[in-house]
Amino acid sequence: MASIIDCFTDAIHEDLAIVKLAVFAVPVYFSIKLFMSGNMSMFYFWTSIFGVLFLGEMTKGINNIRMNKRSVLSLNPLDVIWALLKSLLVLIPQGLVLALAGHVIVLLLTSIPVNIEQYNLVVTIIVWCIIGSILLTSYLSFAKYLKVSEGYNLVVVSESCIDVFISVLFFVPQVIIVNAVVFWMPYYFFHKYMQMPNDHWFMLAMASVVIVINFSMFVNYLAQASYEQIKGNNEDYDDNYNKTNAIDDAAERMNGH
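Attention here is on the structure that accompanies the text. Chains are numbered independently. Their residues run from 1 in the order of the written sequence. Reporting in this predicted model follows two pLDDT cut-offs: at least 70 for local features of residues, and 80 or more for side-chain atom pairs to be given and counted; totals over whole chains, interfaces and linings ignore these cut-offs and use all residues. Values reported for side chains reflect all heavy atoms of the structure, with hydrogen atoms and water molecules removed beforehand.

**What to know about the pattern of salt bridges**
The line we're drawing: One speaks of a salt bridge when a side-chain nitrogen belonging to Lys or Arg is within 4 Å of a carboxyl oxygen belonging to Asp or Glu. Exposed residues in this analysis have more than 50% of their type's maximum accessible area, buried residues have under 20%, and partly exposed residues fall in between, with area computed by a 1.4 Å probe over protein chains only.
Scanning the entire structure with this criterion turns up 1 salt bridge. Of the charged contacts in the structure, one is a salt bridge between Glu 14 and Lys 20, with a shortest N-O distance of 2.9 Å. In this structure Glu 14 comes out as buried when scored by relative accessible area, which is 10%. Using a relative accessible area of 4% as the deciding quantity, one classes Lys 20 as buried.

Okay, here's the thing in structure tokens:
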């Protein structure tokens, strides 16, 4: 099972963690300010742009972890853009096909006359959860080595999608607990005792950093979940892990450690 503690530790202790938290908190802070000011048209516009860029960051972050690098988020814009473009090659075609398939399946199932309360709602939720798990598993399978073909490996995706979905579900209560334990007390202190309103610049900046930390944890968790749940991927990762350790050991011996 993927460890939320490891995800949190990596988020605050990775290479250049302070710099990365500050850099990625800027667009989050800007979006929050737009939302707080009620400028919803600009909020949706910029949030969409930032969301696409963060998708590239997520893809590169998963790849970094799967390649056993000591970094989650990347400060290299070229790497992020390249990862984003490849992500779109996996997500857009499959997303369109799966969305159409899900819509048709929901229409067919909900047209069946069944005298069960909330039947249509339950069917809709189940169908879209399955569709979402398939798309997510395709994305994670691709993000391992950034190979677009891996995202279309239907055998691997079909065998692993339910396990991936269940694993991601477990992330939700874990991240709620981490935020309650780690971030609630500072928020309560500044809001209650320092009398800082929620729209104070410091409170918004703190919330922006917390959001970035949560994003980094989610990226790390997805990488761990893909390693554990997606069939046929572990051997390559283990080989890479052992090779990386061998290189590190050799370097330490050369440095006299």
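**Let's talk about the side chain of Ser 138**
Filter applied, for reference: Runs of E in the DSSP output that reach at least two residues are strands. Runs of H or I that reach at least four are helices, and both are numbered from the N terminus. Whether two residues are in contact is decided by their heavy atoms, any of which lying within 4.5 Å being enough.
The residue Ser 138 is located in helix α5 (residues 119–143) in this model. What makes Ser 138 buried here is its relative accessible area of 1%. Ignoring sequence-local partners within four residues, the contact set of Ser 138 consists of Val 90, Gln 94, Gly 151 and Val 157.

**Some details on the packing of aromatic side chains**
Heads up, the rule is: Only Phe, Tyr and Trp rings are paired, with Trp represented by its six-membered ring, and only when their centres lie within 6.5 Å; those with planes under 30 degrees apart are stacked, over 60 edge-to-face, the remainder tilted.
Taken as a whole, this structure holds 19 aromatic pairs when the rule is applied. Ring geometry for Phe 54 and Phe 215: centres 5.0 Å apart, planes at 75°, overall edge-to-face. Residue Phe 54 is found in helix α3 (residues 40–66), and its partner Phe 215 is found in helix α8 (residues 201–229); the two are separated by 161 residues along the sequence. Like Phe 215, Phe 54 is buried. For the ring pair Trp 201 and Phe 202, a centre distance of 6.0 Å and an interplane angle of 90° mean the geometry is edge-to-face. Classification of Trp 201 as exposed rests on a relative accessible area of 54%.

**Points about unusual backbone geometry**
Positioned with a positive phi, Leu 146 is a non-glycine residue whose angle comes to about 60°. Note on placement: Leu 146 falls in the loop between α5 and α6 (154–182). Phi is positive for Gln 195, close to 60°, though the residue is something other than glycine. With respect to the element layout, Gln 195 can be found in the loop between α7 (184–193) and α8. For Gln 195, a relative accessible area of 61% puts it in the exposed group.

**Structural notes on α3**
Spelled out, the test is: The span expected for a helix works out to 1.5 Å for each residue beyond the first.
Helix length check: α3 (27 residues) gives 37 Å between terminal C-alpha atoms against 39 Å at 1.5 Å per residue, within 8%. Looking one or two places after α3, you find Asn 68, whose phi comes out positive at around 65°.

**Details of the nonpolar core**
Note the cut-off: Among buried residues, those of type Ala, Val, Leu, Ile, Met, Phe, Trp, Tyr and Cys that are joined through side-chain atoms within 4.5 Å constitute a nonpolar core.
Met 58, Ile 62, Tyr 139, Leu 140, Val 212, Ile 213 and Met 217 are the most contacted members of the largest nonpolar core, which has 42 residues in total. If you list the elements that add at least two residues to this core, you get α1 (4–13), α2 (17–36), α3, α4 (77–110), α5, α6 and α8. In contact with Val 212, other than residues within four places in its own chain, are Leu 21, Phe 24, Ala 25, Val 28 and Leu 73. Judged by nonpolar contacts, the second largest core, of 6 residues, contains Leu 98, Val 106, Val 127 and Ile 131.

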